[in-house]
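Architecture and fold: a report
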Amino acid sequence: GGQFKNKDIRLDAKVVIITGANAGIGKEAAIECAKRGARVYMGCRDPARMEKARQEILDKSGSQNVFGLELDLASFESIRSFVKTFLSMERRLHVLINNAGVMACPKAYTKEGFEMHFGTNHLGHFLLTNLLLDVLKRSAPSRVVTVSSLGHKWGRINKDDINAEKDYREWDAYMQSKLCNILFSRHLAKRLRGTGVNTYALHPGAINTELTRHLNPCFRTMAKPIFWVFFKSPKSGAQTTLYCAMEPTIASHTGLYYSDCKLKEPEPHAQDDAMAEWLWNLSERLTGLSH
């Protein structure tokens, strides 16, 4: 896959938040950002796993500026607590990387009762981003990078059952949430025009990470030796995230979609501005931001 080859970019005095930075592409992005001088804040659900990963990131990056804050994107209370703690520690934020997510998990609900894919992959990051907008604006130029997926191609927004209460199919729920990610980034760009905060959505590629933990074990065991050649390593999978977070040539871009460190046109239904606005208004109501 595409590689972020600009080795000269430094992030000294820059502040970066990465959700889900304890594993996979999130951890690799954290290592690289820390190597380049950023103050990196890991937002992770499991404190023990987060601390273990933090020590690894410190060792591999040679940095001492990596911090862990507990963050459960399936809980609005946890998200608000994370933001409150972060803002007590920092007055600036230059890059927010919305990386954490779940894929094809059994039917489950967030603390507030939202289907887990929709609630975590979309609503959790929607609330987190909005609560951090003021500090992102104060720190401009700044960026919001949201990890989506090629899976948005098959995603559809089910207006009549967006919470999958009538009919739950794990892959439909996952792909709907990845479509939500792109629509969110696209509409956020419109709302932030002129503020100096730019937004980017991306497909990281097919990656062999913990995200596949909910797939059928027998399928994983049989498929791995056949399909391993098609999967990126987490390090390679993090390259488009790093590109969107740092690449200077796209500093004037916003609301666009990338894959393999290149601009890519998403599916037509991911460019539906009316749907993006509908989703934004619904998300404001569901997260309590409209009150």
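Residues numbered from 1 in each chain as written. Predicted model: local features only at pLDDT ≥ 70, side-chain atom pairs only at ≥ 80, totals over all residues. Heavy atoms only, no water.

If you check an unreviewed UniProt entry, the protein appears there as Short-chain dehydrogenase from Anopheles melas.

Between its first and last C-alpha atoms helix α2 (residues 47-61) spans 20 Å; for 15 residues at 1.5 Å apiece the expected length is 21 Å, and the two agree. Of the positions making up α2, those classed as buried are M50, A53, R54, I57, L58 and S61. Buried residues of α2, viewed axially, fall in a sector of 145°; they line one side. Looking at α2, the residues exposed on the side facing more than 90 degrees away from the buried face are A48, K52 and D59. If you follow the buried residues of α2, they end up packed against α1 (24-35), β2 (39-44) and β3 (66-70). Its side-chain oxygen at 3.0 Å from the backbone nitrogen of A48, D46 defines the N-terminal cap of α2. (Helix = DSSP H or I, 4+ residues; strand = E, 2+ residues; numbered from the N terminus. Expected span 1.5 Å × (residues − 1). Buried < 20%, exposed > 50% of the residue type's maximum accessible area, 1.4 Å probe, protein only. Arc of directions from axis to C-beta. Contact = heavy atoms within 4.5 Å. Polar contact = N/O pair within 3.5 Å; in protein donor to acceptor, adjacent residues only side chain to side chain.)

Bringing the pairing of strand β5 (residues 142-147) into the picture now. Among the six residues that make up β5, six are buried, leaving the element largely enclosed by the rest of the structure. The alternating pattern of β5 places S142, V144 and T146 and R143, V145 and V147 on opposite faces, both of which are buried. Note that β5 and strand β6 (residues 197-203) share six bridges and pair parallel. Bridge assignment links S142 to a residue of β6, and that residue is V197. (Pairing = 2+ DSSP bridges.)

Residue position: S75 is located in the loop between β3 and α3 (76-89). Sequence-distant contacts of S75, defined by excluding residues within four places in its chain, comprise K111 and E112.

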